[in-house]
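# Examining the three-dimensional arrangement
Below are the chains, spelled out letter by letter.
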Amino acid sequence: MSPKPVADLASLKGTNCQFKFIGEGAANIVFEVVFPEEDITTQDDGDSQILDILQGKLLRVPKANTKAFPHPEILQYWESSISPLFDNPQEDLVQQHLIRLDNSVVSQLNAILENEDAQRRADFQGTKVAEAEYGMLVEDMRKKFPLDFLLEFKPKWLTPSPSAPSTATRCRNCAREAYRLHKSLRSASSDQNSSCALSHEPPFCPLEYLAAQSSPCSLARVIASINLSAISASLDTKPATRENPVGVQPAVSLDGEDDGRPGMDQVDERYRVALVHWLQSNSLLPKLRDAQESLDPAPEGTSDQEKLALAMTLRDCTCFVRISEDSKGGLKVEAKLADLDKKNWEAKLEYWKGMDEVLKEGGYYEGVEVPRIRTRCFMEVGAGEAA
Ligand SMILES: O=P(O)(O)O[C@@H]1[C@@H](OP(=O)(O)O)[C@H](OP(=O)(O)O)[C@H](O)[C@H](OP(=O)(O)O)[C@H]1OP(=O)(O)O
Ligand SMILES: Nc1ncnc2c1ncn2[C@@H]1O[C@H](COP(=O)(O)OP(=O)(O)OP(=O)(O)O)[C@@H](O)[C@H]1O
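Rules used in this analysis
All residue numbers refer to positions counted from 1 along the written sequence of the respective chain. Both sets of labels track the order of writing: A upward for chains, 1 upward for ligands. Where totals are concerned, whole chains, interfaces and linings use all residues; where local detail is concerned, this predicted model gives features only for residues with pLDDT of at least 70, and gives and counts side-chain atom pairs only at 80 or more. Note that water and hydrogens are dropped before the side-chain values are worked out from all heavy atoms of the structure. UniProt positions are given in the numbering used here, feature names are shortened, and annotations may be inferred rather than shown by experiment. The cutoff for a nearby residue is simple: one of its non-hydrogen atoms must lie within 4 Å of the molecule or strand. Under this definition, polar contacts are N or O atom pairs within 3.5 Å; protein pairs additionally need one hydrogen-donor-capable and one acceptor-capable atom, and for neighbouring residues in sequence, both atoms have to be side-chain atoms. For accessible areas, the Shrake-Rupley method is used with a probe of radius 1.4 Å. Any residue's cover is judged against the shown protein chains and nothing else. By the criteria applied, helices consist of DSSP H or I runs no shorter than four residues and strands consist of E runs no shorter than two, each listed in order from the N terminus. Between N-to-C directions, angles cover 0 to 180 degrees, with each direction set by a line fitted to C-alpha atoms, over the stretch in contact for helices. Roughly parallel refers to an angle under 35 degrees, roughly antiparallel to one over 145, roughly perpendicular to one between 65 and 115, and oblique to any angle outside these ranges. Any two residues whose heavy atoms approach within 4.5 Å at even a single point are treated as in contact. The buried label goes to any residue with under 20% of its type's maximum accessible area, the exposed label to any with over 50%, and the partly exposed label to all in between, with areas taken from a 1.4 Å probe on protein chains only. Note: domain ranges come from an automatic or database domain assignment. Take the buried Ala, Val, Leu, Ile, Met, Phe, Trp, Tyr and Cys residues and link them wherever side-chain atoms come within 4.5 Å; each set so joined is a nonpolar core. By definition, pLDDT measures how confident the predictor is in each residue, and it falls between 0 and 100.

Named according to an unreviewed UniProt entry, the chain is Inositol-pentakisphosphate 2-kinase originating from Neurospora tetrasperma. A UniProt comment under Catalytic activity (unreviewed entry) is attached to the chain, and it reads "1D-myo-inositol 1,3,4,5,6-pentakisphosphate + ATP = 1D-myo-inositol hexakisphosphate + ADP + H(+)".

The next thing to look at is the site of ligand 2. Around ligand 2 there are 20 residues in total, and Ala26, Asn28, Arg60, Glu139 and Lys154 lie nearest to it. Ala26 is positioned such that a nitrogen or oxygen atom in its backbone is 2.7 Å from an oxygen atom of ligand 2. At 2.6 Å from an oxygen atom of ligand 2 is found a side-chain nitrogen or oxygen belonging to Arg60. Summarising the interface, the protein chains cover 85% of the accessible area of ligand 2, which totals 620 Å² for the free molecule. Listed by contribution, the elements that provide at least two residues to the shell around ligand 2 are β2 (18–24), β3 (28–34), β4 (57–62) and β6 (134–139).

One way to put it is that helix α6 (residues 172–187) packs onto helix α13 (residues 345–361) with a least axis distance of 10 Å and a crossing angle of 80 degrees. One way to sum up the angle between α6 and α13 is to call them roughly perpendicular. Here α6 contributes Arg172, Ala175, Arg176 and Tyr179 to the contact with α13, which in turn contributes Met355, Val358 and Leu359.

Here we come to unusual backbone geometry. The linkage connecting Val370 with the following residue, Pro371, adopts the cis geometry, with an omega of -10 degrees. Relative to the elements of secondary structure, Pro371 occurs in the loop between α13 and α14 (378–381). Although it is not a glycine, Lys156 adopts a positive phi angle of roughly 55 degrees. Examined against the element boundaries, Lys156 turns out to sit in the loop between β7 (149–153) and α6. We classify Lys156 as buried; its relative accessible area is 11%. Backbone geometry places Asp339, a non-glycine residue, at a positive phi of 60 degrees.

Attention now goes to the site of ligand 1. Looking at ligand 1, there are 16 residues lining it, with Lys154, Lys156, Arg176, Lys348 and Tyr351 nearest. Between ligand 1 and the protein, one listed contact pairs an oxygen atom with a side-chain N or O atom of Lys156 at 2.5 Å. A distance of 2.7 Å separates an oxygen atom of ligand 1 from a polar side-chain atom of Tyr351. Contact with the protein chains removes 83% of the 600 Å² of surface that ligand 1 exposes when unbound. Contributing elements (two or more residues each) for the shell around ligand 1: α6 and α13. Among the domains, domain 1 (7–139) and domain 2 (149–381) are the pair contributing at least three residues each to the shell around ligand 1.

Right, let's talk about the nonpolar core for a bit. Ile82, Leu275, Leu279 and Leu337 are the most contacted members of the largest nonpolar core, which totals 56 residues. Structurally, this core is a two-domain feature, drawing no fewer than three residues from each of domain 1 (7–139) and domain 2 (149–381). With residues near it in sequence (within four places) discarded, Ile82 still touches Tyr77, Leu93, Leu310, Thr313, Leu314 and Leu340. If you look at the next biggest cluster of nonpolar residues, it comprises 24 residues, including Leu12, Phe19, Phe35 and Leu113.

A few words on the confidence of the model for the chain. Caution applies to low-pLDDT regions: their predicted coordinates should not be interpreted in detail. Per-residue pLDDT for the chain averages 86, and the proportion of residues at 70 or more is 82%. Ignoring residues within four places in sequence, the model shows residues 228–248, a span with pLDDT below 50, making 38 contacts including any to other chains.

Written out as structure tokens, the structure is:
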């Protein structure tokens, strides 16, 4: 049975609410619905209902002209195929609900995007919100209070790709990053771009987040990457692009402002301890890895494309880790996975197969592409380290 919408955005008409652009990916755009203070205190019954529903949630709407499934289908899949993989889906997954969209709201959202266009990631500029019937309300995983600590990253492929050679020295993600950078180097027409791609900061390897459970060196690198990211974010104000390696570093938010963010060393030591404890002991990333692994095909391959699609969904999610003070003055860590959307395997199969081939044939798994792209994959650096 299809999920039912929890609300209709048409009921926002006549209110003074505004929308704020929060972020976007290839398939969705996320907005905050902001109400003026006076509206919050003086709503009649109908409006206060939608206000209550929107509380603590963000509006996630589909982009136009993608091959992604409509949100009701994504949600149904999430309920039937994703949630059962987790022992405690309420705790482990960013909660989401269906909401009915409204054409005039979609026009409003598109006007906001047009205004923000110059600030958007270069390859996303010009893309619009679809005139779809449904969108989603998702649990807001941003900081709730200024002192909260927030880390956002994509865990990606936590086990080797079944098609990687046994001689691989890079994980699938670092191999793909090397390929992307290599491609941008080859297509760069000016010397300036070429040297930029060669002198890039190596992409942070997502395997390190999991390795931090047993390897003190990985743990130290994760903590260092957070520092690095906070510093580079304040120095480099250019929007992230696929070719700009800063865009693939984990996003970290320490004080809610983009500029002058302190590094971890300036943050309350208690937050660092809580983060280290989470990195060393969480069951979320091992659970995600096990789920990915259980879907991997036998060596002879699989023809079960639905299984492949589920594996690819689990390899393309986002992890939010929020640390905040609880009501007793202690710290609570909330770690949840988002963007576990059903993949349209019919539309993506060729891309997936093509990428597999390119990474294997181009020597990206072994780091033998010419010129060699600098990476710092856990498989490279972690190999010689004792746990
Ligand atoms: O192919 P990959 O590993 O680069 O992953 C793509 C993502 O690239 P990223 O790893 O975040 O740099 C890509 O992320 P971006 O939007 O480019 O940041 C998408 O998530 C894409 O999935 P879809 O087309 O939205 O269904 C992702 O495609 P899938 O392969 O997961 O279908
Ligand atoms: N629940 C949330 N809480 C806070 N921020 C969020 C939330 N969901 C999404 N965002 C922000 O919006 C951005 C884009 O959202 P999302 O990942 O859903 O887009 P997408 O198009 O599905 O991504 P992809 O390209 O990976 O498929 C995220 O990177 C994040 O910064």
